[in-house]
Amino acid sequence: MEITNISLSISMVVLLLAAVSPLVSPLFRLPKRNENDSVAIGENKDQPISVVIISHDNAPELEKHLPAFLSQKYNADYQVIVVADKSDSETDDVIKRFSSNPHLYATFMPLSSRYISRKKLAITLGIKAAKNPWVIVTDAWCMPDSDEWLHSFASHLDDSSDVVLGYTHYEEDAPSNYHFENIVNASINLRSAQKDSAYGSASRLVAIRKDIFLEGDGFLGNLKYMRGEYDFLVNKFGGNGRTATAFTPSAFLSEDTPFSKRWSENHLFAINTGRHLDGHWLMTLIRQIDFGMMNITNLAIIGALVYGGMKEDWIVLGAGILALIIEYAIICLTAKRALKRFDSQVSIFLVPFLAFLQPFRNIGWRLRYYFTNKNDFITHKI
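Scoring rules and cut-offs
Residues numbered from 1 in each chain as written. Predicted model: local features only at pLDDT ≥ 70, side-chain atom pairs only at ≥ 80, totals over all residues. Heavy atoms only, no water. Phe/Tyr/Trp six-rings, centres within 6.5 Å; stacked < 30°, edge-to-face > 60°. Helix = DSSP H or I, 4+ residues; strand = E, 2+ residues; numbered from the N terminus. Buried < 20%, exposed > 50% of the residue type's maximum accessible area, 1.4 Å probe, protein only. Axes fitted to C-alpha atoms, helices over the stretch in contact; angles between N-to-C directions. Parallel < 35°, antiparallel > 145°, perpendicular 65-115°, else oblique. Left-handed = near helix turned anticlockwise from the far one by under 90°. Contact = heavy atoms within 4.5 Å. Nonpolar A, V, L, I, M, F, W, Y, C, P; charged D, E, K, R; others polar. Arc of directions from axis to C-beta. Polar contact = N/O pair within 3.5 Å; in protein donor to acceptor, adjacent residues only side chain to side chain. Patch = residues over 30% accessible without salt bridge, like charges linked within 9 Å, V, L, I, M, F, W, Y side chains within 5 Å. Areas by Shrake-Rupley, 256 points an atom, 1.4 Å probe, with all protein chains shown as cover. Salt bridge = Lys/Arg side-chain N within 4 Å of Asp/Glu carboxyl O. Core = buried A, V, L, I, M, F, W, Y, C linked by side-chain atoms within 4.5 Å. Pairing = 2+ DSSP bridges.

Enquirer: Before we move on, can you summarise the packing of aromatic side chains with the specific residues and values?
Expert: In the structure shown here, the tally under the stated rule is 19 aromatic pairs. Measuring from centroid to centroid gives 5.6 Å for Phe69 and Trp149, while their planes differ by 90°, and the two rings are edge-to-face. Taken together, the residues Phe69 in helix α2 (residues 59-70) and Trp149 in helix α5 (residues 149-154) connect sequence positions 80 residues apart. You'll find Phe69 and Trp149 in the same group, each marked buried. Ring geometry for Tyr170 versus Trp263: centroids 6.2 Å apart, planes at 70°, classification edge-to-face. Residue Tyr170 is found in strand β7 (residues 168-170), and its partner Trp263 is found in helix α9 (residues 260-274); the two are separated by 93 residues along the sequence. For Tyr170, a relative accessible area of 6% corresponds to the buried category. Owing to a relative accessible area of 9%, Trp263 belongs among the buried residues under this scheme. By way of ring pairs, the aromatic residues Tyr167, Phe247, Phe252 and Phe342 are connected into one cluster.

Now the structure itself:
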């Protein structure tokens, strides 16, 4: 068989792409774990802190998770503020069952609130009710993994920061693609925060200084958008280089696996929210490059395999097979490092397939968003 320049050129290109493309990925550019990965009780002085839990028709989740928040080992005063709808009798019953706990405080939203996102209103009421300088905001379907969670998370709150970005992971029985997408989104957001260019938060765990929130008029400017509360908190108040991360396993929260409707709504509202965040177009470009490189590589490998087979060019065919093996191996290696950092149990051998499918999933969500009624994403309908 004659070795031609075309054969050598095609082989070199696919092999180079296979070696480089996995390195242009959020799984390779990971956020750093904080140095105090394990902070034992008594090693640092705890500070008074408030935790705001938003509950909107989430009485079962609240009853399941609230005890873990109320039983934290913490060497300072802390309060857990539950914000619920005034008409939610089931949540009120849950709160009454735990009313004897000295850490618990409850506040209720009015029955009607025109032209305002009820969840943003709930967060605002919770932060205003907080008696401590730092406020951690989360949802009723999240819970601490241990009774030292608050101590660990609070160790990352200091005078150098106004916002602290945390991480919530899904339950182990969640579908692998849920875990993968959550890790990718969290990796991008946490790394951006660590690079002093905080963009948003895919996790339901953000801490903010009460005075910064109130002096900055809270959610003013995006109250009409029904969702995106964590993204707006980080984007508005954390883009000044004063955003830290509480990225240690002991500071993680566990999040209930989203049911299909919530999973779908999360994507559609995230797309709508992104259009109103500072730095949206740059972040979109970065995401396109991340997954675009892998798609280009896969197309090049497929092209090499088809060309080599049809032309009986064994050099190109062999290069295509070798490139496929190289790409798969490097993705698995980078995935192993990423999954360990995020304490995820997803099989590393599944990650290359999940990464390959993710761009198509993203396109699917974009198409669904395109055909939605955009008035569904704002509080006042036109």
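Now that the structure is up, let's keep going.
Enquirer: Explain the packing of helix α10 (residues 280-311) against helix α12 (residues 351-370) to me, using residue names and the numbers behind them.
Expert: Running from N to C, α10 and α12 cross one another at 110°; their axes reach a closest spacing of 10 Å. In terms of their interaxial angle, α10 and α12 are classed as roughly perpendicular. The crossing of α10 and α12 is left-handed. Between α10 and α12, the residues in contact are Phe291, Met294, Asn295 and Asn298 and Ala355, Phe356, Gln358 and Pro359, respectively. Taken together, the residues of the contact of α10 with α12 break down into 5 nonpolar, 3 polar and no charged.

Enquirer: Residues and numbers for helix α3 (residues 89-97), please.
Expert: Every buried residue belonging to α3 is among Thr91, Val94 and Ile95, and all of these are buried. One side of α3 carries all its buried residues, which in axial view fall inside an arc of 100°. In α3, the exposed positions angled more than 90 degrees off the buried face are occupied by Glu90 and Lys96. Tucked into the core, α3 has its buried residues touching β1 (49-55), α2, β2 (78-85) and β3 (104-109). The backbone nitrogen of Glu90 has a side-chain oxygen 3.4 Å away, supplied by the residue at the start of α3, namely Asp88.

Enquirer: Outline helix α8 (residues 229-237), listing residues and values.
Expert: Within α8, 8 of the 9 residues are buried, leaving the element largely enclosed by the surrounding structure. Among all positions in α8, only Glu229, Tyr230, Asp231, Phe232, Leu233, Val234, Asn235 and Phe237 are buried.

Enquirer: Before we move on, can you summarise a nonpolar patch on the surface with the specific residues and values?
Expert: The grouping of Phe356, Leu357, Phe360, Ile363, Leu367, Tyr370 and Phe371 at the surface amounts to a nonpolar patch, some 780 Å² of accessible area in total. Position of Leu367 relative to the elements: it lies in helix α12.

Enquirer: Tell me about the nonpolar core, residues and numbers included.
Expert: With 52 residues, the main nonpolar core has Tyr167, Phe342 and Val351 as its most contacted residues. In terms of residue count, the dominant contributor to this core is helix α6 (residues 176-194) (7 residues). The residues contacting Val351, other than those within four sequence positions of it, are Leu27, Phe180, Ile331, Ala335, Leu339 and Val346. Judged by nonpolar contacts, the second largest core, of 33 residues, contains Trp134, Trp149, Ala207 and Ala246.

Enquirer: Let's hear about the pairing of strand β4 (residues 134-139): which residues, and what values?
Expert: The buried fraction of β4 is high, at 6 of 6 residues. Covered by surrounding structure in β4 are Trp134, Ile136 and Thr138 together with Val135, Val137 and Asp139, the residues of both alternating faces. When β1 meets β4, the two strands line up parallel, connected through 6 bridges. Among the inter-strand pairings, Ser50 is bridged to a residue of β4, identified as Val135.

Enquirer: Pulling in residues and values, what's your account of the pairing of β1?
Expert: For β1, a buried count of 7 out of 7 residues is recorded, marking the element as mostly surrounded by other parts of the structure. Residues Ile49, Val51, Ile53 and Ser55 line one face of β1 and the alternating positions Ser50, Val52 and Ile54 line the opposite face, and both faces are buried. Here β1 runs beside β2; their pairing, made up of 7 bridges, is parallel. The residue bridging Ile53 from the neighbouring strand is Val82, located in β2.

Enquirer: Summarise unusual backbone geometry; cite the residues concerned and give the values.
Expert: With phi around 60°, Asp217 is a residue other than glycine that occupies positive phi space. Relative to the helices and strands, Asp217 resides in the loop between α7 (210-215) and α8. A positive phi angle, close to 55°, is found at Asp343, a residue other than glycine. Tracing the backbone shows Asp343 in the loop between α11 (314-341) and α12. For Asp343, a relative accessible area of 42% translates into the label partly exposed.

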